[in-house]
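Each chain is listed here by its residues.
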Amino acid sequence: MNVLIIEDERSLAYEIELFLSKNNYICEVCVNGTSASEKIAVNLYDFILIDLGLPDYDGLDLLKEAKQNNSSASCIILTARAEVSDRIKGLDLGADDYLPKPFSLLELQSRMQAITRRKFGLTNHVIELEYFMVNLTDRSISFNNSPISAITKKEFDLIAYMLLHKNRTLTRAQLSEHIWGSVVNDDYDSNFIDAHVKNIRKKLSAFAPADWLETVRGLGYRIKTNA
């Protein structure tokens, strides 16, 4: 998932970036509101973390821009401000959560995971796909309670992202941007995504059919479930 970190305290910004990157998020950092505003206007993110105390911009104004230009992004306010009024304003403007400084990076990750579960209507972090069990927290796929170690990190990212958007067709461009953080251009090689899906099917089919991973001809891929 793509994350925009807007934080003028550079050491904290890069600490967050390092932690989330190690936990398989794709991160960009902005240390001022002006550059953040430019990115919000042209890029799509899954999460936007916004510090209210920016030197050149009101963080609440950035939140407004985020909700206008990245309406599907989940926004978390990060701030040292203690005023309840700021918290209320942020939540009224559409923030999904509010984390006062100083905070634990583990708590930030936990809140992001909770927001993702609520956003996609997941009541459990373990999801059954016919013969397979997908654990979104442990980032594992198992068959008969035995983990399938052959699945790579990026292959799991593809499955997890499609699972969050189950029964919805995702284009190769969408998958590339949200899993690899690269914006697709005119010379994009669609075989890149196709090869990963082919590898996933091959590895899973060694255990059982994975018919729930469907190709939508001319469009992309989807995970089809009855749940």
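Remember, predicted model here, so these are calculated numbers, not experimental data.

J.: Explain the overall build of the protein chain residue by residue, including any values.
T.: Looking only at helices and strands, the protein chain features 8 helices and 12 strands. The C-alpha atoms of the protein chain give 19 Å as radius of gyration, which agrees with the globular expectation for 227 residues (17 Å, within 12%). Across its three principal directions, the C-alpha atoms of the protein chain cover 55 × 40 × 30 Å. By residue count, 45% of the 227 residues in the protein chain fall in the buried class. A sequence separation of at least 24 residues applies to 57% of the contacts in the protein chain between residues at least 6 apart. For the protein chain, the accessible area works out to roughly 11600 Å², and carbon and sulfur atoms hold 49% of it. Here the protein chain contributes 26 positive and 31 negative side-chain charges, whose respective centroids are spaced 6 Å apart.

J.: Could you give an account of the UniProt feature "modified residue: 4-aspartylphosphate" (unreviewed entry) in the protein chain, with specific residues and numbers?
T.: Taking the UniProt record as the reference, the feature "modified residue: 4-aspartylphosphate" (unreviewed entry) is found at Asp 51. Using a relative accessible area of 3% as the deciding quantity, one classes Asp 51 as buried. For Asp 51, the contacting residues outside a window of four places in its chain are Ile 6, Glu 7, Asp 8, Gly 59, Leu 78, Thr 79 and Lys 101. A distance of 3.1 Å separates the side chain of Asp 51 from the backbone nitrogen of Gly 53, its partner in a polar contact.

J.: Lay out empty space enclosed by the protein in plain terms, naming residues and giving numbers.
T.: The final tally for this structure, using the stated rule, is 1 cavity of 30 Å³ or more. In this structure, the largest cavity spans a volume of roughly 50 Å³. Lining the largest cavity are Met 1, Asp 46, Phe 47, Ser 74, Thr 116, Lys 119 and Phe 120. Its residues assigned to classes, the lining of the largest cavity comprises 3 nonpolar, 2 polar and 2 charged.

J.: Lay out the sheet that holds strand β3 (residues 47–51) with the relevant residues and their values.
T.: An order of β2-β1-β3-β4-β5 is seen for the 5 strands of this open sheet, with the pairing classed as parallel. The open sheet has two edge strands with one neighbour each: β2 (26–30) and β5 (97–100). Within this sheet the neighbouring strands show an average axis-to-axis angle of 20°, counted without direction. As defined by bridge partners, β3 adjoins strand β4 (residues 74–79) across 5 bridges and the pair is classed as parallel. Looking across to β4, one finds that Leu 49 is bridged to Ile 76.

J.: Break down the packing of aromatic side chains for me, citing the residues and quoting the values.
T.: Given two aromatic rings, one states the distance between the centres and the angle between the planes to describe the pair. One pass over the full model with this rule turns up 3 aromatic pairs. Seen in terms of ring centroids, Phe 132 and Trp 212 are 6.1 Å apart; in terms of plane orientation they differ by 75°. Their pairing is edge-to-face. On the criterion of sequence distance, the pair formed by Phe 132 in strand β7 (residues 132–135) and Trp 212 in the loop between α8 (191–205) and β11 (213–216) is long-range, its members being 80 residues apart. Here the two residues Phe 132 and Trp 212 agree in accessibility, since each one is buried. Between Phe 143 and Phe 207, the aromatic rings sit 5.7 Å apart at their centres with planes inclined by 50°, giving tilted as the arrangement.

J.: Mind laying out the pattern of salt bridges, listing which residues take part and the relevant values?
T.: Side-chain pairs of opposite charge can arise where the charged atoms are in close proximity. For the structure on display, the rule yields 11 salt bridges. Residues Asp 51 and Lys 101 are paired through a salt bridge, measuring 3.4 Å at the closest nitrogen-oxygen approach. With Asp 51 in strand β3 and Lys 101 in the loop between β5 and α5 (105–119), this residue pair connects regions lying 50 residues apart in the sequence. Here Lys 101 falls in the partly exposed class, since its relative accessible area comes to 22%. With a closest N to O distance of 3.9 Å, Lys 154 and Asp 157 form a salt bridge. With Lys 154 and Asp 157 both in helix α6 (residues 153–164) and 3 residues apart, the pair spans about one turn of that helix. Classification of Lys 154 by relative accessible area gives partly exposed; the value is 30%. On the basis of relative accessibility, which here comes to 10%, the residue Asp 157 falls in the buried class.

So, how was this worked out
- As a convention, each chain's residues are numbered from 1 in the sequence order in which they are written.
- Owing to the predicted nature of the model, reporting of local features is limited to residues with pLDDT of at least 70; listing and counting of side-chain atom pairs is limited to 80 or more, with chain, interface and lining totals taken over all residues.
- The basis for the side-chain values is all heavy atoms of the structure; hydrogens and waters are excluded.
- We count a stretch as a helix when DSSP gives it H or I for four or more residues in a row; a strand needs E for two or more, and each element gets its number in order from the N terminus.
- Using C-alpha atoms as the atom set, the radius of gyration is obtained and then compared with a globule rule of 2.2 Å times the number of residues to the power 0.38.
- When accessible area is computed with a 1.4 Å probe and restricted to protein chains, residues below 20% of their type maximum are described as buried, those above 50% as exposed, and intermediate ones as partly exposed.
- Residues count as neighbours in contact if any of their non-hydrogen atoms are within 4.5 Å of one another.
- Here the open area of atoms and residues is found with the Shrake-Rupley method and a 1.4 Å probe, where only the protein chains shown may cover a residue.
- Lys and Arg are tallied as positive, Asp and Glu as negative. Neither His nor the chain termini are counted.
- The location of each charge is read from NZ of Lys, CZ of Arg, CG of Asp or CD of Glu.
- UniProt positions are given in the numbering used here, feature names are shortened, and annotations may be inferred rather than shown by experiment.
- Polar contacts here mean pairs of N or O atoms no more than 3.5 Å apart (in protein, one a potential hydrogen donor and the other a potential acceptor; neighbouring residues in sequence count only if both atoms are side-chain atoms).
- Definitions used for this entry: grid spacing 1 Å over protein atoms alone; cavity, a set of points where a 1.4 Å probe fits but cannot get out; pocket, an open set with protein on both sides within 12 Å along at least 5 of 7 lines; lining residue, one with an atom within 4 Å of a point.
- Grid points are joined across faces, edges and corners, and a volume is the space filled by probe spheres set on the points.
- We call Asp, Glu, Lys and Arg charged. Ala, Val, Leu, Ile, Met, Phe, Trp, Tyr, Cys and Pro are nonpolar, and the rest, Gly among them, are polar.
- Note on pairing: DSSP must find at least two bridges between two strands before they are called paired.
- Every angle, taken between N-to-C directions, lies between 0 and 180 degrees, and every axis is a line fitted to C-alpha atoms, over only the stretch in contact when it is a helix.
- Each pair of aromatic rings taken from Phe, Tyr and Trp, with Trp reduced to its six-membered ring, is defined by centres within 6.5 Å and is described as stacked if the planes are under 30 degrees apart, edge-to-face if over 60, and tilted in the remaining cases.
- The term salt bridge refers to a pairing of a side-chain nitrogen on Lys or Arg with a carboxyl oxygen on Asp or Glu at a separation within 4 Å.

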